Amino acid sequence: MPDEKLHVSRKSLKIPAQVTCLASGQTDQLLVGSDDGSVRVYDLAAMKVMKAIRGLAPVSSVVWKPQTESHPGHLFVATGRQVLTFSVHTDKMILTSCDAHAELVIGSDDNDLVNELTINAKGNQLAYCLDSGIVGVIDLSNNKVVRMKQSHDTVCGSVRFIPDRPGELVSGGYDSTLLHFGSLQASVLSRDNLGTITPSSGMSMSPPFVVSLSISSTGIIAAGTADGRVYVGTSGEKSHEAGAGRQKRRRKWEGLRSEGRIIVEVAQGPVTGLTFTSPREFLTCTLLGSVTSHEICGSATTDNLSVKPKWSYSAEDIFKVNAIVTLGNLVIIGGFQEDGGGIIEVWRKTSVNAADGSTETK
């Protein structure tokens, strides 16, 4: 492990049921979904619940759409086969499905559950993925639901929009495949199959199901697998024009090209959470709660592309981790304890200067 030291001050929050998903809300707010059909909105400064939604089916994903000059903020909740839309700008402390502004049935039946939601940078499209392997988008101007023409062969658990390309998205499935879609044509633009890539150790105890996914602000993709590997694709990274301070946007995102990818083993078990913290740094979190910061070094063009760990820290109170999110200098992980109760750990990162022992908040 590298020489960067890290001090972490932490707080734990217990809730009745296991945490299934986390997301950022308004400023200093945390959204927490649980398998008992509840969503809690936390004020992180006070570490208290400000508002809650109850009585839903198990919650698999929550997404916040920020307020604009013309529209108030909205909370989107994936619960069962449905996507519900709520406004939290209400005096009611406890909301139910009756308070939803919109209710969209996405899955084809009760076994076709919505696994993840994500919103594009413009805030006009919401992407979803299903147990059936289907990926699609919702036009938030009219709530029209569109399904992509191709799908994964089995469960699709992860989906993300590509920054600066609001009509393009990438999904990862349990078929070990990454699919790059264009929402306008609802078709596949490119793909990559991790199942054809042999692990560096020569064998794996489980298939490389894609279980977590993130895309950096500059277009680098990283995906965590069930067999403890991380896929990093850099061919879609935006480059700087010579002599100019602005980013050059390629005509086509090429993040899944084999020439620009690297696959590294980072854990002995599933990488259940992954999120970028800067254009070339990301966090991974394993099922058992080991969080590691990684830096992407070099490039494919110079044949020195690598992924270097910077620091690693482990959860203390969580038995199994389901989700991770970063908010400023906070790292927040959620899951459940051995007795099945829900648990959230909130970490505040502080760098330690090895020379003089001083600390600096990250």
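Below is a summary of the structure that appears in this document. (Residues numbered from 1 in each chain as written. Predicted model: local features only at pLDDT ≥ 70, side-chain atom pairs only at ≥ 80, totals over all residues. Heavy atoms only, no water.)

1. What about the sheet that holds strand 6 (residues 59–65)?
Turning to step 1, where the next piece is worked out: The four strands are arranged 6-7-8-10 in an open sheet whose pairing can be described as antiparallel. Each having just a single partner strand, strand 6 and strand 10 (102–105) make up the two edges of the open sheet. Put simply, the sheet's adjacent strands are angled 15° from each other on average, direction ignored.
Turning to step 2, where the next piece is worked out: The sheet contact formed by strand 8 (residues 82–86) and strand 10 spans four bridges and is antiparallel. In the strand pairing of strand 10, Thr-85 is matched with Ala-102. (Pairing = 2+ DSSP bridges. Helix = DSSP H or I, 4+ residues; strand = E, 2+ residues; numbered from the N terminus. Axes fitted to C-alpha atoms, helices over the stretch in contact; angles between N-to-C directions.)

2. Focus: the environment of Leu-330
Turning to step 1, where the next piece is worked out: Along the chain, the position of Leu-330 falls in strand 30 (residues 330–336).
Turning to step 2, where the next piece is worked out: Counting along the chain gives 19 residues from Leu-330 to Lys-349, while the straight-line C-alpha distance between them is 6.5 Å.
Turning to step 3, where the next piece is worked out: The contact partners of Leu-330, leaving out residues within four places of it in the chain, are Leu-44, Val-325, Val-346, Trp-347 and Arg-348. (Contact = heavy atoms within 4.5 Å.)

3. Quick look at the nonpolar core
As a rule of thumb, soluble globular proteins bury nonpolar side chains together.
Turning to step 1, where the next piece is worked out: Counting 17 residues, the largest nonpolar core has Ile-53, Val-62, Leu-75, Val-77 and Phe-86 as the members making the most contacts within it.
Turning to step 2, where the next piece is worked out: Elements with a contribution of two residues or more to this core: strand 2 (19–24), strand 4 (39–43), strand 6, strand 7 (74–79) and strand 8.
Turning to step 3, where the next piece is worked out: With three residues, the single largest contributor to this core is strand 6.
Turning to step 4, where the next piece is worked out: The residues contacting Phe-86, other than those within four sequence positions of it, are Ile-53, His-74, Leu-75, Val-77, Leu-95, Thr-96, Ser-97, Asp-99, Ala-100 and His-101.
Turning to step 5, where the next piece is worked out: By size, the runner-up hydrophobic cluster in this structure holds 16 residues, among which are Leu-30, Leu-44, Met-47 and Val-325. (Core = buried A, V, L, I, M, F, W, Y, C linked by side-chain atoms within 4.5 Å. Buried < 20%, exposed > 50% of the residue type's maximum accessible area, 1.4 Å probe, protein only.)

4. So, the sheet that holds strand 4
Turning to step 1, where the next piece is worked out: What the five strands build is an open sheet, ordered 2-3-4-5-9; its pairing is mixed. Only two strands of the sheet have a single neighbouring strand rather than two, namely strand 2 and strand 9 (94–95).
Turning to step 2, where the next piece is worked out: Pairing analysis gives five bridges linking strand 2 to strand 3 (residues 29–34), with the strands arranged antiparallel. Counted as the bridge partner of Cys-21 is Gly-33 from strand 3.

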